[in-house]
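Fold and geometry: a report
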Amino acid sequence: MSAGGAVVGPDGLRRCAWGDSTDDYRVYHDTEWGRPVHGDDALFERVCLEAFQSGLSWITILRRREGFRSAFAGFEIAKVAEFGPDDVERLLGDTGIIRNRAKIEAAIANARVARDLDGGLDTLIWQFAGDPDRPAPRSLEEVPAVTPESTALAKALKKAGFRFVGPTTAYALMQACGLVDDHLADCHARGPQGR
């Protein structure tokens, strides 16, 4: 995003500047980011990818997404929860993903937590959805990195046993999964017209 608001892309559409910076971002911005994601496995994928992104750029994760899906059994919670030490070693050798032992072990541990959650991951995460009537941001400066809701979500996830889920990561998850709509006010993907 840019401080001045949305930018007009080569296709004539006005979008958040970050969403027009590469073809990969353009597709992700226009078709996924900020749209509601439901389902335990779908949300588990996003929790894992946001955790792997920690300390890296999102484009790095986005470009390896299919590798992650292949390596982590399509992010099916029940399957990933059964991963053991041999799977950790296999994943550490997989060049299609980010090979970070702590993050790999966290993804497996998080699958076990998600599998055993009363009410499921969808219910846990969506109870922290932001105010849909919150004013639309007009610039990057108006988009927070952390909110009271993301702090509460991070605390709830940590209390349940999840790892790599701090308030900033939780807010990125909320943005990506449509719990908040942080498309800029003049972005074509903002709100119902972009859905």
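An unreviewed UniProt entry lists the chain under the name DNA-3-methyladenine glycosylase I, from Kitasatospora aburaviensis.

Right, let's get into the pattern of salt bridges. Scanning the entire structure with this criterion turns up 20 salt bridges. With its nearest N and O atoms 2.9 Å apart, the salt bridge here joins D11 to R15. Relative accessible area serves as the criterion here: at 44%, D11 is assigned to the partly exposed category. A residue is classified by how much of its surface remains accessible, and R15, at 0% relative accessible area, is buried. A salt bridge links D87 to R90, with the nearest nitrogen and oxygen atoms 3.3 Å apart. Here D87 and its partner R90 are both found in helix α6 (residues 85-92), 3 residues apart, which amounts to about one turn of the helix. Classification of R90 by relative accessible area gives partly exposed; the value is 37%. Here the salt bridges do not stand alone but share partners, grouping D11, R15, D20, D23, R26 and D30 into one network.

Estimated volume of the largest pocket: approximately 490 Å³. Counting residues per element, the ones that place at least two in the lining of the largest pocket are α1 (23-31), α2 (40-53) and α10 (167-176). Looking at the lining of the largest pocket, the element that brings in the most residues is α10, giving 6 residues. Among the residues forming the lining of the largest pocket, the class breakdown is 13 nonpolar, 6 polar and 1 charged. Its volume calculated, the second largest pocket comes out at about 290 Å³. If you trace the second largest pocket, you find 18 residues lining it, with D131, P132, L179, V180 and D181 closest to the centre. Tallied by class, the residues present in the lining of the second largest pocket amount to 8 nonpolar, 4 polar and 6 charged.

Take the environment of L62 next. With respect to the helices and strands, L62 occurs in helix α3 (residues 58-62). For the pair L62 and Q127, spaced 65 residues apart in sequence, the C-alpha separation works out to 26 Å. Excluding residues within four positions of it along the chain, L62 makes contact with D24, Y25 and Y28.

Cut-offs applied
Residues numbered from 1 in each chain as written. Predicted model: local features only at pLDDT ≥ 70, side-chain atom pairs only at ≥ 80, totals over all residues. Heavy atoms only, no water. Salt bridge = Lys/Arg side-chain N within 4 Å of Asp/Glu carboxyl O. Buried < 20%, exposed > 50% of the residue type's maximum accessible area, 1.4 Å probe, protein only. Helix = DSSP H or I, 4+ residues; strand = E, 2+ residues; numbered from the N terminus. 1 Å grid on protein atoms, 1.4 Å probe; cavity = no way out; pocket = protein on both sides within 12 Å on 5 of 7 lines; lining within 4 Å. Points joined across faces, edges and corners; volume = space filled by probe spheres on them. Nonpolar A, V, L, I, M, F, W, Y, C, P; charged D, E, K, R; others polar. Contact = heavy atoms within 4.5 Å.

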